[in-house]
Amino acid sequence: MYKVTGKPTEEMVEKFNEDSNIFFRFQNPNWELDQDSKSWGMIYGSEEEAIENCEDDGLSEDEAVLPGKSCMDTLEGVWEWADQFDDSYVVLVFEGDDTGVNGHQDEYVTEFIKPVAVWSMEDCYNYIYRNDK
């Protein structure tokens with residue numbers, strides 16, 4: 001589904017970070033997103049499981065299942081959660097519409113429109129820590 005399309009460069013990251021319709025998320029490359037994609041947190045395996053168990057976790061159905069995909073508006077912002085993902089994931093840069101809803105960890109929740117770039121975890125790590133000095 002999502003194959004690496006290049007490496008992050010300073011020019012690209014600055015351009016994407018400044019664009020209010022571009023977002024970043026960690027993505028399993030084998031799971032395709034579409035405009036109806038939702039988020040239900042990493043503690044649930046599916047939307048159905050989130051709905052079944054949300055009350056046990058003190059959440060309503062609306063809180064458990066979010067109306068878009070969890071993401072951040074900058075590469076540096078999404079990188080705060082990098083330790084929760086392994087190298088089998090990619091960083092998906094995508095065009096989206098902010099829903100105005102905040103996620104479970106105060107992240108953006110965005111309606112996915114289309115992919116813009118796909119970067120490997122390793123390349124993003126190298127970019128972040130090379131330029132973080």
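Use the structure listed above.
Residues numbered from 1 in each chain as written. Predicted model: local features only at pLDDT ≥ 70, side-chain atom pairs only at ≥ 80, totals over all residues. Heavy atoms only, no water.

### Looking at unusual backbone geometry
Counted only if it meets this: Helix and strand assignments come from DSSP, with helices taken as H or I runs of at least 4 residues and strands as E runs of at least 2, each series counted from the N terminus. For every residue, the accessible area (1.4 Å probe, protein chains only) is compared with the maximum for its type, and the residue is labelled buried under 20%, exposed over 50%, or partly exposed between those bounds.
In this model, Asp106 sits at a positive phi of 65°, which is unusual for a non-glycine residue. Within the element layout of this structure, Asp106 appears in the loop between β3 (90-102) and β4 (108-120). On the accessibility criterion, Asp106 (56% relative accessible area) is exposed.

### Considering the packing of aromatic side chains
Keep this limit in mind: The rule is short: rings of Phe, Tyr and Trp, with Trp giving its six-membered ring, pair when the centres are within 6.5 Å, and they are stacked under 30 degrees, edge-to-face over 60, tilted in between.
The tally for this structure, following the rule as stated, stands at nine aromatic pairs. Between Phe23 and Tyr108, the aromatic rings sit 5.8 Å apart at their centres with planes inclined by 55°, giving tilted as the arrangement. With Phe23 in strand β1 (residues 22-27) and Tyr108 in strand β4, this pair connects stretches of sequence that are 85 residues apart. A relative accessible area of 2% places Phe23 in the buried class. For Tyr108, a relative accessible area of 27% corresponds to the partly exposed category. Summarising the aromatic geometry, the rings of Phe24 and Trp119 are spaced 6.4 Å apart at their centres and angled 40° between planes, so their arrangement reads as tilted. Taken together, the residues span a long stretch of sequence, with Phe24 in strand β1 and Trp119 in strand β4 at a distance of 95 residues. An aromatic cluster is defined as three or more aromatic residues linked by ring pairs; in this entry it consists of Phe23, Phe94, Tyr108 and Phe112.

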